[in-house]
Amino acid sequence: MTTILTGGVGKAEVADAVERLALAGVEVVVSNDMDAATRLRASRADYFLGTCQTGAGASLGVLVGLMGTAVCHTFGRSVPSEGEINALLDQGKKVFGFAVDQIDAVAPTLAGAIAART
C-alpha cells in the first residue's frame, strides 16, 4: 500500500481529487506539515502533496527544512507533464508542492504516476 499525505490550504481538495481516481493500492491521508515530515521520515508514508496560493513557499516550507531539498520539488503555478513527473519520481522526489488553483490539473497526474510505481 502506498500512502500519499496531503497538506496545505487545499489538502482536503487534493485528497478528494486523488480519492476520486480510486487507484488500487493507494491510500490518501489528509495531514499537516509536521505530521507529514514525521511520517515520511519514519517510513509510515510514502509521498506528500502540498498546496498553497503560489505553490512555491508555504506548500513545502516545513518539509524542505526537515527533509531536505533532495526529496522535495515544487511545481509552483505550472502544470507538469507526465514525463516531468516521472523524471522527478526517478530522481527520488517524494514531496511535491503546487498552487491550490492547479489541484485538478496536477493532483490526478501526479497520483497516477505514483500509483503506476506500486
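Preceding this section is the structure that the text describes.
Calculation criteria
Residues numbered from 1 in each chain as written. Predicted model: local features only at pLDDT ≥ 70, side-chain atom pairs only at ≥ 80, totals over all residues. Heavy atoms only, no water. Helix = DSSP H or I, 4+ residues; strand = E, 2+ residues; numbered from the N terminus. Axes fitted to C-alpha atoms, helices over the stretch in contact; angles between N-to-C directions. Parallel < 35°, antiparallel > 145°, perpendicular 65-115°, else oblique. Left-handed = near helix turned anticlockwise from the far one by under 90°. Contact = heavy atoms within 4.5 Å. Nonpolar A, V, L, I, M, F, W, Y, C, P; charged D, E, K, R; others polar.

A.B. asks: Looking at this structure, how should I read the environment of Ala22?
C.D. replies: Topologically, Ala22 is positioned in the loop between α1 (11-19) and β2 (26-30). Remark: the alpha-carbon pair of Ala22 and Ala56, spanning 34 residues in sequence, is separated by 28 Å.

A.B. asks: Before we go on, may I ask you to explain the packing of α1 against helix α5 (residues 103-115) in this structure?
C.D. replies: A pair of packed helices can be characterised by two numbers: the angle between their axes and the separation between those axes. In contact at an axis separation of 9 Å, α1 and α5 are set at 50° when each is read in the N-to-C sense. What the angle tells us is that α1 and α5 run oblique. With respect to the hand of their crossing, α1 and α5 are arranged in right-handed fashion. Along its contact with α1, which presents Glu13, Val14, Ala17 and Val18, the element α5 presents Ile103, Ala107 and Ala111. Tallied by class, residues from the contact of α1 with α5 come to six nonpolar, no polar and one charged.

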